[in-house]
Amino acid sequence: MTTRSTRTSTSSDPDGAADRERRLFDLLRSFESVVVAFSGGVDSAYLAWAATRTLGRSALCVTAESPSYPDHHRQLARQVASACGLLHETVATGELEQDEYRRNPTNRCYFCKRELYTVLSALAAARGYRVIVDGSNADDRGDYRPGRGAAREHGVRSPLDEVGLSKAEIRELSRRAGLPTWDEPASACLSSRIPYLSEVTDAKLRMIEGAEASLRAIGFRVCRVRHHDAAVAHVEIGQEDLARALEPDWRAQIVDAVLAAGYASVTIDPRGYRTGSLNEGLMLRSV
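Residues numbered from 1 in each chain as written. Predicted model: local features only at pLDDT ≥ 70, side-chain atom pairs only at ≥ 80, totals over all residues. Heavy atoms only, no water.

Explain the nonpolar core here, please?
Side chains of a nonpolar character, in soluble globular proteins, are inclined to be buried together. Ranked by internal contacts, the top residues of the largest apolar core, which has 45 residues, are V35, L120, V235 and Y263. The element contributing the most residues to this core is helix 5 (residues 108-127), with eight residues. When residues no more than four places from it in sequence are discounted, the contact partners of Y263 are K204, M207, I208, A211, V225, H227, A231, V232, A233 and V258. Listed in part, the 32 residues of the second largest apolar core include F25, A77, L160 and L173. (Core = buried A, V, L, I, M, F, W, Y, C linked by side-chain atoms within 4.5 Å. Buried < 20%, exposed > 50% of the residue type's maximum accessible area, 1.4 Å probe, protein only. Helix = DSSP H or I, 4+ residues; strand = E, 2+ residues; numbered from the N terminus. Contact = heavy atoms within 4.5 Å.)

Could you clarify how one ought to interpret the pairing of strand 8 (residues 265-268) in this entry?
Looking down a regular strand, the side chains alternate between one sheet face and the other. The two faces of strand 8 differ: V266 and I268 on one face are buried, but S265 and T267 on the other face are not. Pairing of strand 7 (residues 232-237) with strand 8, which is carried by four bridges, proceeds in the parallel orientation. Within strand 8, the residue paired with H234 across the bridge is T267. (Pairing = 2+ DSSP bridges.)

Just checking my understanding: could you explain the environment of S265 for this structure?
Positionally, S265 belongs in strand 8. Each C-alpha atom of the pair S265 and G94 lies 31 Å from the other, and the pair is 171 residues apart in sequence. With residues up to four places along the chain from it excluded, the contact list for S265 reads A231, V232, A233 and L259.

I keep staring at the pairing of strand 4 (residues 87-92) and nothing clicks. Help me out?
Taken together, the six bridges between strand 3 (residues 59-65) and strand 4 define a ladder with parallel strand orientation. Note that in strand 4 the partner of V62 across the bridge is E89. Handedness of the crossover is the feature at issue here: the chain leaves strand 3, passes through helix 3 (residues 71-84), returns alongside strand 4, and the resulting connection is right-handed. (Right-handed = clockwise from strand over helix to strand, strands pointing away.)

So what exactly am I meant to see when it comes to unusual backbone geometry here?
Note: most peptide bonds trans; most residues except glycine with negative phi. One non-glycine residue, L197, lies in positive phi territory at about 75 degrees. Looking at the secondary structure, you find L197 in the loop between helix 8 (167-177) and helix 9 (202-217). Despite not being glycine, A231 shows a phi value in the positive range, around 55 degrees. In this fold, A231 is placed in the loop between strand 6 (223-228) and strand 7.

Would you explain the packing of helix 9 against helix 11 (residues 248-260) in this entry?
When two helices pack together, you describe them by how their axes are tilted relative to each other and by the distance separating the axes. Two elements in contact, helix 9 and helix 11, have axes separated by 8 Å at closest approach and are oriented at 150 degrees. As helix 9 packs across helix 11, the resulting crossing turns out to be right-handed. Facing helix 9, whose interface residues are A211, S214 and L215, helix 11 presents I254, A257 and V258. (Axes fitted to C-alpha atoms, helices over the stretch in contact; angles between N-to-C directions. Left-handed = near helix turned anticlockwise from the far one by under 90°.)

Teacher, can you tell me more about the sheet that holds strand 2 (residues 34-37) here?
One key point about sheets: their strands pair by backbone hydrogen bonds, in either a parallel or an antiparallel sense. Strand order in this open sheet of four strands is 4-3-2-5, and the pairing throughout is parallel. Only two strands of the sheet have a single partner each, and these edge strands are strand 4 and strand 5 (131-133). Averaged over all adjacent pairs, the angle separating strand axes in this sheet is 30 degrees, with direction ignored. Bridging between strand 2 and strand 5 involves three bridges; their strand directions are parallel. Across the sheet, V36 pairs through a bridge with V133, a residue of strand 5. Sheet strands in contact with helix 3 are strand 3 and strand 4, and its direction is about 160 degrees off that of strand 3. On top of the sheet, helix 5 reaches strand 2, strand 3, strand 4 and strand 5; it is set at about 130 degrees to strand 4, its chief contact.

What follows is the structure, encoded as structure tokens:
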């Protein structure tokens, strides 16, 4: 057993990124046809664009209608699909109906991804698509991602990772391609805001989504509302806005916005937003 690894960062080299992009196109072309797991985030949006540029209508970009993903991302996926001419569909996933998922173990992501890839595998088989691809990138290798196990079980390929593209390079290549997601803040499913072993419910997810939407509406682009038992919210704000968030007037606005979403009490974390902060202190096995 080892502690959670710190995410590694692959350097962003403009010439190297262009070369890796060419290799990405070649790899996608070799697949002949793909189903892209398209959440609407930075990585999957770039992959969807690249697959469509390479394979045309032989690339089907599929967004899950999941209760654990915010509507904000589904709307962004539709925006990208329209702007880039993607062949785009949505599918329903039912991870919240599974006891294993609702119990929220430390490998909760495995059950979510297993559900997604089961649905996508059935779709690909029925339509004759050869390969399912996801947006994992080279920087994800050192992170705790139990969902990768589900990807391996279903033969899902990760082209961005396979050609060595980092998150910074994907953002830069997305900017060059004119994708609106190039500077979109990193995001994760709403269930990641609920501490492990605390049950995931639709009511909790909707409270989290409502509170975070309210915070974005008042100007905090990067934010997380960590949902603890007894409807206690621990709010994390991006470092660039943290000083402002801790000013009395802004603090009061944050508290009011989160209370209005149904929380009983609110605290603002003075350390600000950290990726995967609910993993801190856990002993997790690398996956």
